[in-house]
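Per-entry structural report
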Amino acid sequence: ECKRLGAYCAGVGVVGGLGTLLGSLDMYGLGALATPAEAGIYKAALMFALMPELVGTCLSQVFAPHVAIYARDGVFYRMFIRVQTALVAVALGMLALALAAGPILSSLLPQKYAAAIPVIFLLLPAGLAGFMLYPLVVNFLAFYSLKSVLIVDLVLAPFIAAGYWYAARHEGAAGVAVVTS
């Protein structure tokens with residue numbers, strides 16, 4: 001039992017480490033290949049656009065204990081459909097609110113952040129996807145198909161790296177935002 005637990009924890013460590021590396025390539029690319037201004041624009045936009053993902057991450061802590069129990073009891077799918085439908089509806093509401101608040105945002109932020117506003121909207125799909133995926137999908141995969149997460153990350157890693165390299169070098173913050181989303 002301890003060997004199985006150790007193997008699982010090692011797998012989580014590898015997946016988590018690779019995910020952290022892939023999740024940081026955007027800033028590494030901008031820092032190395034773009035101007036400090038582009039990196040600042042991107043980072044400012046990222047803080048706004050990923051707020052929904054932060055909420056999804058918090059919700060994942062609420063749902064994590066239930067995923068394994070519901071899956072074991074054969075009722076996960078029903079719960080998944082209900083919760084996922086609600087998450088999609090809330091994400092669409094967040095999107096509508098963000099689009100409506102766009103013009104207001106420019107008056108709320110200092111002028112030096114004006115260049116970040118279009119980048120926020122390019123990054124918003126990534127934030128909304130995180131909101132919708134973290135609570136149940138990521139938890140389920142972590143419990144039942146960790147290898148799938150690792151395989152997807154390994155297959156996508158070279159494409160993500162190449163996309164960030166090109167975007168940071170030629171398109172700046174907006175290009176990196178498109179790769180991220």
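Residues numbered from 1 in each chain as written. Predicted model: local features only at pLDDT ≥ 70, side-chain atom pairs only at ≥ 80, totals over all residues. Heavy atoms only, no water.

Some words on the layout of surface pockets
Of the pockets and cavities examined, the largest pocket occupies roughly 1,500 Å³. As for the largest pocket, its lining consists of 40 residues, of which Gly-19, Glu-53, Tyr-134, Val-138 and Asp-153 are closest to the centre. Every element with two or more residues in the lining of the largest pocket is listed here: α1 (2-33), α2 (36-49), α3 (51-72), α5 (116-144), α6 (146-170) and α7 (172-180). Looking at side-chain class alone, the lining of the largest pocket contains 25 nonpolar, eleven polar and four charged residues. Counted as a void, the second largest pocket has a volume near 340 Å³. Looking at the second largest pocket, it is lined by 17 residues, and the ones nearest its centre are Phe-48, Met-51, Met-94, Ala-98 and Leu-124. Of all the secondary structure elements, the ones that give two or more residues to the lining of the second largest pocket are α2, α3, α4 (76-108) and α5. (1 Å grid on protein atoms, 1.4 Å probe; cavity = no way out; pocket = protein on both sides within 12 Å on 5 of 7 lines; lining within 4 Å. Points joined across faces, edges and corners; volume = space filled by probe spheres on them. Helix = DSSP H or I, 4+ residues; strand = E, 2+ residues; numbered from the N terminus. Nonpolar A, V, L, I, M, F, W, Y, C, P; charged D, E, K, R; others polar.)

Here we look at the nonpolar core
Formed by 25 residues in total, the largest nonpolar core has its most connected members in Leu-30, Tyr-42, Ala-45, Val-119, Leu-123 and Val-176. Elements represented by at least two residues in this core include exactly α1, α2, α5, α6 and α7. Ignoring sequence-local partners within four residues, the contact set of Leu-30 consists of Thr-35, Glu-38, Ala-39, Tyr-42, Ala-168, Gly-172, Ala-173 and Val-176. Ranked by size, the runner-up nonpolar core spans eleven residues in total, among them Val-67, Phe-76, Leu-128 and Leu-136. (Core = buried A, V, L, I, M, F, W, Y, C linked by side-chain atoms within 4.5 Å. Buried < 20%, exposed > 50% of the residue type's maximum accessible area, 1.4 Å probe, protein only. Contact = heavy atoms within 4.5 Å.)

Remarks on a nonpolar patch on the surface
Taken together, the side chains of Leu-5, Tyr-8, Val-12, Phe-143 and Tyr-144 make up a nonpolar region of the molecular surface, amounting to roughly 450 Å² of accessible area. Broken down by secondary-structure element, the contributors of at least two residues to the nonpolar patch are α1 and α5. In terms of residue count, the dominant contributor to the nonpolar patch is α1 (three residues). Within the fold, Tyr-144 resides in helix α5. (Patch = residues over 30% accessible without salt bridge, like charges linked within 9 Å, V, L, I, M, F, W, Y side chains within 5 Å. Areas by Shrake-Rupley, 256 points an atom, 1.4 Å probe, with all protein chains shown as cover. Salt bridge = Lys/Arg side-chain N within 4 Å of Asp/Glu carboxyl O.)

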